[in-house]
Amino acid sequence: MADDLSRDLGLWSALAIGVGTMVGAGIFVLPGAATAGAGPAATAAFVLGGAIALFTALTASELSTAFPEAGGVFVYIDEALGPLAGTVAGLGSWLGMAFAAAFYSIGFGEYVAVFLAVPDLWVVSGEQISALVLGGVMVAVNYSGADLTGKVQDFTVGTLLGLLALFALAGLVTGDFSNLRPFAPAETGGYSAIFPATALIFVSYIGFAKIATAAEELENPGRNLPLSIIGSVVITTVVYGVVMVTVLMLLPWQAVAGNSTAVADAGGVLFGTAGFVVLTVGGLLATASSTNAAVLAASRINLATARQTVMSDWLSATNEDGSSPTRAVVLTGALILFFTAVGGIELLAKAGSVLHLVLYGLLNVALVVFRTADLPDDRYDPAFRVPLYPYVPAVGMVLSFGLIAFMAPVEIVLSIVFIVVAVAWYFVYTRTRSRDEGDIGVLHEYLL
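Reading guide: rules and limits
Residues numbered from 1 in each chain as written. Predicted model: local features only at pLDDT ≥ 70, side-chain atom pairs only at ≥ 80, totals over all residues. Heavy atoms only, no water. Salt bridge = Lys/Arg side-chain N within 4 Å of Asp/Glu carboxyl O. Helix = DSSP H or I, 4+ residues; strand = E, 2+ residues; numbered from the N terminus. Buried < 20%, exposed > 50% of the residue type's maximum accessible area, 1.4 Å probe, protein only. 1 Å grid on protein atoms, 1.4 Å probe; cavity = no way out; pocket = protein on both sides within 12 Å on 5 of 7 lines; lining within 4 Å. Points joined across faces, edges and corners; volume = space filled by probe spheres on them. Nonpolar A, V, L, I, M, F, W, Y, C, P; charged D, E, K, R; others polar. Contact = heavy atoms within 4.5 Å. Axes fitted to C-alpha atoms, helices over the stretch in contact; angles between N-to-C directions. Parallel < 35°, antiparallel > 145°, perpendicular 65-115°, else oblique. Left-handed = near helix turned anticlockwise from the far one by under 90°. Patch = residues over 30% accessible without salt bridge, like charges linked within 9 Å, V, L, I, M, F, W, Y side chains within 5 Å. Areas by Shrake-Rupley, 256 points an atom, 1.4 Å probe, with all protein chains shown as cover. Core = buried A, V, L, I, M, F, W, Y, C linked by side-chain atoms within 4.5 Å. Polar contact = N/O pair within 3.5 Å; in protein donor to acceptor, adjacent residues only side chain to side chain.

J.: Even after reading the chapter, I still don't get the pattern of salt bridges, so can you show me in this structure?
T.: Here the idea is simple: oppositely charged side chains can pair when their charged atoms come close. Tallying each qualifying case throughout the model produces 2 salt bridges. The salt bridge partner of E62 is R371, with a shortest N-O separation of 2.9 Å. With E62 in helix α3 (residues 42-66) and R371 in helix α15 (residues 345-373), this pair connects stretches of sequence that are 309 residues apart. Note on E62: relative accessible area 0%, which makes it buried. Across the salt bridge formed by R379 and E79, the nearest N and O atoms sit 3.6 Å from each other. Taken as a pair, R379 in the loop between α15 and α16 (391-404) and E79 in helix α4 (residues 73-81) lie far apart in primary sequence, 300 residues in all.

J.: Looking at this structure, how should I read the layout of surface pockets?
T.: The space that makes up the largest pocket amounts to roughly 240 Å³. What lines the largest pocket is L91, W94, L95, F99, M311, L355, L414, V417, F418, V421, A422 and W425. Among the secondary structure elements, those contributing two or more residues to the lining of the largest pocket are α5 (83-115) and α17 (409-428). Grouping the constituent residues of the lining of the largest pocket by class yields 12 nonpolar, no polar and no charged.

J.: Before we go on, may I ask you to explain helix α8 (residues 194-201) in this structure?
T.: Because the α-helix completes a turn every 3.6 residues, residues three or four places apart line up on one side. With 6 of 8 residues buried, α8 lies mostly within the body of the structure. Residues of α8 that are buried in the fold lie against α2 (31-38), α3, α15 and α16.

J.: Help me out: how do you make sense of the packing of α5 against α17 in this one?
T.: The relative placement of two packed helices is expressed as an angle between their axes plus a distance between the axes. Where α5 contacts α17, the two axes come as close as 9 Å, and the packing angle between them is 125°. Taken together, the axes of α5 and α17 are oblique relative to one another. Our pair here, α5 against α17, has a crossing hand that is right-handed. Of α17, the residues touching α5 (which contributes P83, L84, T87, V88, L91, G92 and L95) are F418, I419, A422, V423, W425 and Y426.

J.: How should I be thinking about a nonpolar patch on the surface in this particular structure?
T.: A cluster of nonpolar residues, V114, F115, L116, V277 and V281, forms a patch on the protein surface that exposes about 380 Å² of accessible area. Of note, V281 is situated in helix α13 (residues 273-307). The class of V281 is partly exposed, set by a relative accessible area of 35%.

J.: Can you walk me through the nonpolar core in this structure?
T.: If you look at soluble globular proteins, the nonpolar side chains tend to sit buried side by side. With 137 residues, the main nonpolar core has F28, F103 and F208 as its most contacted residues. Residues within four places of F208 in sequence aside, it is in contact with M22, A53, T56, A57, A60, I229, S232, V233 and Y360. Of all hydrophobic cores here, the second largest spans 7 residues; its members include A41, A45, A184 and I194.

J.: Can you walk me through the environment of G49 in this structure?
T.: As for its position among the elements, G49 is in helix α3. Apart from residues lying up to four places away in sequence, G49 is in contact with T198, I201, F202 and Y205.

J.: Please clarify how the side chain of N224 should be interpreted in this entry.
T.: As for its position among the elements, N224 is in helix α10 (residues 221-250). The buried category is assigned to N224, whose relative accessible area is 4%. A distance of 2.7 Å separates a polar atom in the side chain of N224 from a polar atom in the side chain of R223. Filtering out sequence-adjacent residues up to four positions away, N224 remains in contact with G10, L11, L218 and E219.

This is the structure:
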């Protein structure tokens, strides 16, 4: 088997991975939960989430062009902060993406339930059964290689954005703007409810990091990585803001709160039964697209951790044409299917959010380490550099770590338990394996 991946993904495919993941998760699954917590101010939560993500997206753009290889966030943190932090980042990024993939697939199951009443099976709900079928299909797609994965993303994202554009144009013209008042109802906690809602929906914005995990498979990474990473966050934030306003203009916020198919219901108000059906199909496409992209990203993280001895090197093998890390895809797929079978949709969303917030905080620290160490070009020579340094990574770090404070206690405890387990894994497994000299960490070398 080959050990290197082939460069099959162009700019549009990379954008499709990021936009497809984020739009699917954010606008078709979480509006109901966010509105239940913040009322119409949930719109501000989605926009604020995009603003927070943009700081880290700028950081990720620089680091990804310096290290255009599979693994993304894990690779950058490992190289900058050393193998202990790298182990935490690698396992956290992999598990966080697997949680997210399970969350997306269960969202797909909820949209399937609109059309088809799948019976429960023992302790597994009908929605979870549909989700498990989707997860299995997407694992098979990713096993075949990134070229097929990219083509699936191109089709689903293009169709999805067209549907949402038509929906928003018609809804903004005919909707009732008064539905947005009061913008921050007292019964949901007023404006203070925006921050917990942002913490809830932040899993919607992890798609840009998925692009970096597939950097080794991008054509012209020096150009396409920053364009796709930053562009996907900007596009998605605009889509979230516009579509959320449209939904809340078409439906009273009380009807949106807790409604898992709120966008489809708003489509029904706008276009009748046909609108409801079309937007439900849009929800199916969106959640399927998210699952597909998440499986792609999680398996590439698994591949990178194997290459850096965080996990067994047995996982680093690819198929003969280098289009898929087949063993990593299978292991990752099994983990995703397990989470899908045992997890609830909100718990999975929050677990994915909190692990990624930890990683994004560390990612911004990593950028400061690389810049402060002033490494020679043969070790650090990014094609893109963050503007307004060091303010951008500093703000990104504070916002990422700070948003964790607005999580529920169970998610905060989960993140602490994970870090403890990851540190234990480092001392039991990773530390005993040989590491490249550079893996001691730029921070350690600089301090010496």
